[in-house]
Amino acid sequence: SLHDALPILARQFHVPIAILALSCALVHGYIAILNGLKLNIGYITGLVALGMFVIVSISGIRRYISKHKLHLIASFILIAVLIIHIIYFLFFNVK
């Protein structure tokens, strides 16, 4: 059933999807910086999200070595910051 298969699929594709997502985020951040850095909520949350993504990735690698909650906590912070980042650029980024 899907209920039984979902955790297996999640474990199987978690790391490849994370690597792809981090790669896309780094390229996205690099392009945004090349276009000119601005001091607004959108850019600040973008930089914070990128930093959190790096922390999530490093703590994810460390998680295989020792169990700790940093990966989970940092992931929730990343999601919250990303939501603010996306909402800002969708609704409040007036040119």
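Preceding this section is the structure that the text describes.
Read on for a plain summary of the structure. Computed from a predicted model, the values in this text were never measured in an experiment.

The next point concerns the overall build of the protein. Helix and strand counts for the protein come out as three helices and zero strands. Moving toward the C terminus, one meets the helices and strands of the protein in the order α-α-α. The C-alpha atoms of the protein give 16 Å as radius of gyration, which overshoots the globular expectation for 95 residues (12 Å, by more than 25%). For the protein, the C-alpha atoms occupy an extent of roughly 50 × 30 × 20 Å along the three principal directions. A fraction of 60% describes how many contacts in the protein between residues 6 or more apart in sequence connect residues 24 or more apart. Put simply, the protein shows about 7,500 Å² of open surface, and 78% of that area lies on carbon and sulfur atoms.

How two aromatic rings sit relative to each other is given by the distance of their centres and the angle of their planes. Under the definition given, this model contains two aromatic pairs. Each ring, one from Tyr43 and one from Phe89, has its centre 5.8 Å from the other, and the planes form 70°; the classification is edge-to-face. On the criterion of sequence distance, the pair formed by Tyr43 in helix α2 (residues 41–63) and Phe89 in helix α3 (residues 70–92) is long-range, its members being 46 residues apart. Under the relative-accessibility criterion, Tyr43 is labelled buried at 15%.

With that settled, the discussion passes to the layout of surface pockets. There is about 480 Å³ of room inside the second largest pocket. What lines the second largest pocket is a set of 21 residues, and nearest its centre among them are His28, Ala32, Gly46, His85 and Phe89. Only α1 (2–34), α2 and α3 provide two or more residues apiece to the lining of the second largest pocket. Looking at the lining of the second largest pocket element by element, the count peaks at seven residues for α2.

Counting eight residues, the largest nonpolar core consists of Leu22, Ala49, Met52, Phe53, Val56, Ala74, Leu78 and Val81. Only α2 and α3 provide two or more residues apiece to this core.

So, on to a nonpolar patch on the surface. Together, Leu72, Phe76, Ile79, Leu82, Ile83, Ile86, Ile87, Leu90, Phe91 and Phe92 give the surface a local cluster of nonpolar side chains, amounting to about 1,000 Å² of exposed area. Examined against the element boundaries, Leu90 turns out to sit in helix α3.

With a relative accessible area of 61%, Leu90 lands in the exposed category. For the pair formed by Leu90 and Gly42, sequence separation is 48 residues and the distance between their alpha carbons is 9.8 Å.

What counts and what doesn't
- Residues numbered from 1 in each chain as written.
- Predicted model: local features only at pLDDT ≥ 70, side-chain atom pairs only at ≥ 80, totals over all residues.
- Heavy atoms only, no water.
- Helix = DSSP H or I, 4+ residues; strand = E, 2+ residues; numbered from the N terminus.
- Rg over C-alpha atoms; globule rule 2.2 N^0.38 Å.
- Contact = heavy atoms within 4.5 Å.
- Areas by Shrake-Rupley, 256 points an atom, 1.4 Å probe, with all protein chains shown as cover.
- Phe/Tyr/Trp six-rings, centres within 6.5 Å; stacked < 30°, edge-to-face > 60°.
- Buried < 20%, exposed > 50% of the residue type's maximum accessible area, 1.4 Å probe, protein only.
- 1 Å grid on protein atoms, 1.4 Å probe; cavity = no way out; pocket = protein on both sides within 12 Å on 5 of 7 lines; lining within 4 Å.
- Points joined across faces, edges and corners; volume = space filled by probe spheres on them.
- Core = buried A, V, L, I, M, F, W, Y, C linked by side-chain atoms within 4.5 Å.
- Patch = residues over 30% accessible without salt bridge, like charges linked within 9 Å, V, L, I, M, F, W, Y side chains within 5 Å.
- Salt bridge = Lys/Arg side-chain N within 4 Å of Asp/Glu carboxyl O.

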